[in-house]
Structure formats: C-alpha cells, structure tokens
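# Report on the structure
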Amino acid sequence: MFQTLLVAHDFSPSSNRALAHAVDIATRTGAALHLMYVDRTAEGVLFEGGKAPPDDELQDRFEERCHASLAPHDRSPAEDRVVCHAVRGVSPAPLLVEKAEEIDADLIVTGTEGRRGARRLIVGSVAEEVLRTAPCPALTVRQREDGGASGSADEAPAPADETPGSADEAPRSAVEQIVAPVDFSDLTEVALQHVARLAPLYDVPVRLVHVVEDPTMPSVYEVNASAVRARAAEERAEEALQSLGEPIEETGVSVSYLVHRGQTTSTVVEATGHRDTLTVMGTKGLSGLRRVMLGSVTEAVIRASDGPVLAVRASADGASSADE
C-alpha cells in the first residue's frame, strides 16, 4: 500500500508522535522512511545563536539527532531504507511537498500543534498547508498531554532535548479502530479505498459514520413532519452505509455503523477524536479566502483529534463539495 513515506521531523512533541506512527506504518508495509527537517535558522533546534551552518554540517547534525529519535523504535539512519534530508528554507510546507514529489512519496506524515482561532489564521499550520497541496495522502498527528486533555494550541514546542522520543521510550502509536466519516460524495469513495487497505494492515475494526444535519426550523413549521423526515433520512443513510461497508466486511474486517443527527463538524470530531482511533477522511484541499469562509471538516478534525488523521485529497474536478 505504501512504498515511500516522507516524515516532517522537527523534534517537537507532535513531530515525535508523528514519527512513531510513520515507523509503525513502515514496519507493517516495508516502506522506505524519509525524514525531513527544514532549518529556519533563527528558530531552528539544531544550532544556536542564529548562525547559518554549512549545508554538510546541517545534514550531519540532523542525522545525528535522527539516531536519537529512531533508537527507541529500533531503527537507524544507517539503514538502507531510512533517509534523512536537512534543507534550509523559510516555509516548510512547500519544501515538504516538493520533496514528496521528488521521491514519489505515497504518504506525508506531519505533526501539528493544533492552533486555533486568530493565531492559526495568522501563523497558519504546516500540516494544514501540506494537506491542501500534497500530491499524496497526508497523515497528521496532534500533540496531546499525557493526562488525557489536549495541550494548549498556542504552546511553543518544548526544547529539543526535552521532547518525548529523545528518551529511551518511544511515543505510543497504537491504533485500535479506524473511523471513516461518510458523506456519500466522491470523497467517500476515495477515503474508503484506503480504509479497505488499512483495516487488514492494522487488524482492527472499522466504524463508518454519517451525520444527518439537524433541521433548524421554528416550531410553527411542522416540527413533527420534520422529525419524521429526519428519521427516514437516518434509516436510508444506515442502509447506504451498510452497502458501502459490505466490501470491507468481505475481507474479514468487523464493520459497525453510526448514523447520528446533529451538526456535521462537532459530531464527526466527537466520533473520531480518540487517541487510539485512526480517522480516514477525504478532503478537497480548499485554499485561500474560500477555505477561511467555509471552513473544512477535515481540518477541524485534525485540530481537535487526539488520534492520527489520514486525509486523502481528491481532485477539485472529481469531488463534490461535501468537505466544505
């Protein structure tokens, strides 16, 4: 399924969690593992004092640090199928996308700090920018505090030598179920193709989720009739979900179905946001003002989820607007 993985690695807590999932996938599939660091010298973690080191020194230092990051996973940059790339640049996302195209990556893996609100709009997110422009699926993993609650979205990453994954214990990368939100668009077909391949790979059950939007009507507008229509829609949705799940069940995977009435974004986030849940979603990769105005269910899940989120970007020509 995957032959080449590209992992954005900056030694932050979210990056270390992302690396753990990438190593797990590489172990399961035999894929080559490419680690990439983009040095923005003034804020880089490999060198202090804002100096711009020679390229070969930057590469050597990154490989040295990768030894420490990979050691808890019993992997090493010295292996034939592990490659380290240290580059210099101002904006990491375009460089990651460029490298993914160069090495013909099947999957880009990134961490995310899950910024929200005004700071996210101003600062942006490397993970979300990669998601919107990547030539292949993107797996994002958000940092979370050990106590169970997600860390503050606006916290700065811990110092490089104090981040999880630099010690002897590797960050956890368990996947206990796969959840796929379904909207019956072309995005659904793209996402379920990946679900069908991933479920046997992890040997975990699958849950397909669909949200029937709550009608918001004043009480004088036939509330009872609206409720009847909503229930009928739920029944039809469950039948359609089961039809989509049958090919997956035929592979021996356990599939369950959830149809819920409510608001799409909040319901999907609640259903998919658990630490050991791998969420698989299709996305159109909206960009610019249109994305800011309309939002994206996929990006909302990425910012809120405690588990890994695999976003499969469909072409704008072939996908419907369900992800808006």
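Data block above holds the structure.
Residues numbered from 1 in each chain as written. Predicted model: local features only at pLDDT ≥ 70, side-chain atom pairs only at ≥ 80, totals over all residues. Heavy atoms only, no water.

## Brief notes about unusual backbone geometry
Definition in use: Runs of H or I in DSSP of at least four residues are treated as helices and runs of E of at least two as strands, each being numbered from the N terminus. The cut-offs for exposure are 20% and 50% of the maximum accessible area for each residue type, with area from a 1.4 Å probe on protein chains only; residues under the lower value are buried, those over the upper are exposed, and the others partly exposed.
At Phe 11, a position not held by glycine, the phi torsion is positive, near 70°. Tracing the backbone through its elements, the reader meets Phe 11 in the loop between strand E1 (4–8) and helix H1 (13–29). The exposure class of Phe 11 is buried, given its relative accessible area of 2%. Unusually for a residue other than glycine, Phe 184 sits at a positive phi of about 65°. With respect to the helices and strands, Phe 184 occurs in the loop between strand E6 (177–181) and helix H6 (186–202).

## Remarks on the sheet that holds strand E5 (residues 138–142)
Note the cut-off: DSSP bridges decide pairing: two strands pair if at least two such bridges lie between them. Interaxial angle, 0 to 180 degrees, is taken between N-to-C directions of lines fitted to C-alpha atoms, where a helix line uses only the stretch in contact. Contact between two residues is taken to exist if any of their heavy atoms lie within 4.5 Å; hydrogens are not considered.
With mixed pairing, the ten strands of this open sheet are ordered in space as E3-E2-E1-E4-E5-E10-E9-E6-E7-E8. Two strands in the sheet have a free side with no partner beyond their single neighbour: strand E3 (82–88) and strand E8 (255–262). The mean inter-strand angle of the sheet, taken between neighbouring strand axes irrespective of direction, is 25°. By the bridge criterion, three bridges tie E6 to strand E9 (residues 277–283) in an arrangement that is parallel. In the strand pairing of E9, Gln 177 is matched with Thr 277. Sheet contacts for helix H2 (residues 55–70): strand E2 (32–39) and E3; angle to E3, the most-contacted strand, approximately 135°. Running at roughly 155° to E9, H6 makes contact with E6, strand E7 (206–213), E9 and strand E10 (309–313) of the sheet.

## A look at the side chain of Ser 69
Which entries qualify depends on this criterion: Counted as a polar contact is a pair of N or O atoms within 3.5 Å, where, for protein atoms, one must be capable of donating a hydrogen and the other of accepting one, and residues adjacent in sequence contribute only when both atoms are in side chains.
The topology assignment puts Ser 69 in helix H2. By relative accessible area, Ser 69 is classed as buried at 5%. Reaching out from Ser 69, the side chain makes a polar contact with the side chain of His 9 at a distance of 3.0 Å.

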